[in-house]
Amino acid sequence: MADVVAAAPASTAVATRAPRVWLRFVVLAVVVAAAALMLLTWNIPLDPAQRGYWLAVELRLTSVATVAIVACCQAVATVLFHTATGNRILTPSIMGFDALYVVMQTALVFFFGGAALSATDGLAKVALQSALMVGFATLLYGWLFAGRRGNLHIMLLIGIVLGVGFGSLASVMQRLLTPSDFDLLSARLFGNLSNSNPEYLPWAAGIVAVVLAIVWQRRRRLDVLTLGRETATNLGLAYKREVTVLLVLVAVLISVSTTLVGPLTFLGFIVATLAYQLAVSSRHAVILPFAVLLGMATLLVGSFVMRHVFYAAGMLTVIIEFAGGLFFIVYLLRKGSL
């Protein structure tokens, strides 16, 4: 009887929390829809009855679609990476994905000159970059984690070492570039939402949709993975296989995001951490939608403010990375003081 009485307050608290969670979700969805609508239609000096008005809306639609794809990639990839590693401080960039992108771009300029960046632009180059990043991740995970002596911590350590090595190699090549080539390269190495090409969006959206469908179908397995390796294995889950698949999906999402707009280190960490707080749940069916909506809201509202208030749209990713770095440091300090 005492157990029933003790359980009653807990069940009541969960019941009262549920409407608040859905209210937060609805508010986020409204913010995303309003920000997207304002980005599409704000300050167009034409009448909606004119054809030019809709041409302007169509041009802006590319930016909104890019924001949606990048937000989905960064948010879902970070949440999945946290689930796979059992650590909410790590980010996918720790595995060297951003450094691999930087060294590929730098090598292209180093061997063929700055003109090669624009001369080789196209779907084939983007597909090749994504394939190399995913292939690198698959080989790394398959070799280090899928074997009999596979260990997640060793894999993470080697990923960090490879990331530092790629960064050092890129730095050496950058020092040998001419100033003009270095300027052209620098523009590609900073995340910029305006870098996206409309012809890349259909294939990117298709890949992301397939990955999201796979993730949603495995959402209950993800909930089991959060219980830890021993518990998940005792519950009948093939732990190594599930984590390997999860990390490959993370690699696909990060490769799509990076090839579209460039490296974004802290965006995923920010939205994933906030999603854990707002969702008030450990279920991925709740956390993942919150993370995606938070990512979209951050980028859409930020794009609108920087473009129409401060007239500095290209600074958005710089501000996000700066704020994300501060947020990361504060989060580490708070965790260390607990």
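Keep in mind that what you see is a predicted model, and the values were worked out from it rather than measured.

Colleague: Which residues make up the packing of helix α3 (residues 97-112) against helix α11 (residues 239-261), and what values do they have?
Modeller: Axes are the key here: two packed helices are described by the angle between their axes and the distance separating the axes. Packing of α3 against α11 brings their axes to within 10 Å, and their N-to-C directions diverge by 45 degrees. With respect to α11, the element α3 is oriented oblique. In this structure, α3 meets α11 at a crossing whose hand is right-handed. Residues Phe97, Asp98 and Tyr101 of α3 form the contact with α11, whose participating residues are Ala251, Ile254, Thr258 and Thr259.

Colleague: Account for the packing of aromatic side chains, with residues named and values stated.
Modeller: One pass over the structure, following the stated rule, counts eight aromatic pairs. An angle of 45 degrees between the planes, with centres 5.7 Å apart, marks the rings of Phe266 and Phe328 as tilted. One end of the pair, Phe266, is in the loop between α11 and α12 (267-279); the other, Phe328, is in helix α14 (residues 316-337), with 62 residues separating them in the sequence. Note on accessibility: Phe266 and Phe328 belong to one class, buried. Through pairs of rings, three or more aromatic residues link up here, namely Phe266, Phe269, Phe327, Phe328 and Tyr331. Over the face of the ring belonging to Tyr276 we find Arg88, whose NZ or CZ atom lies 3.7 Å from the ring centre.

Cut-offs applied
- Residue numbers restart at each chain and count upward from 1, following the sequence in its written direction.
- Only residues with pLDDT of 70 or above have their local features reported here, since the model is predicted, and side-chain atom pairs are shown and tallied only from 80 upward, although totals for entire chains, interfaces and linings are computed over all residues.
- Side-chain measures were taken over the full set of non-hydrogen atoms in the model, leaving aside hydrogen atoms and water.
- The convention used is that axes are lines fitted to C-alpha atoms, helices contributing only their stretch in contact, and that angles between N-to-C directions extend from 0 to 180 degrees.
- Working definition: helices are DSSP H or I runs of at least four residues, strands are E runs of at least two. Numbering for both runs from the N terminus.
- Between 65 and 115 degrees an angle is taken as roughly perpendicular, under 35 as roughly parallel, over 145 as roughly antiparallel, and anywhere else as oblique.
- Rotating anticlockwise by less than a right angle from the far helix to the near helix defines a left-handed crossing, while the corresponding clockwise rotation defines a right-handed one.
- Only heavy atoms matter for contacts: two residues are in contact if any of them lie within 4.5 Å across the pair.
- Between rings of Phe, Tyr and Trp, where Trp is taken as its six-membered ring, a pair exists when centres lie within 6.5 Å; planes separated by under 30 degrees are stacked, by over 60 edge-to-face, and by other angles tilted.
- When accessible area is computed with a 1.4 Å probe and restricted to protein chains, residues below 20% of their type maximum are described as buried, those above 50% as exposed, and intermediate ones as partly exposed.
- Working rule: Lys NZ or Arg CZ, within 6 Å of ring centre, within 35 degrees of ring normal, means a charge sits over the ring.

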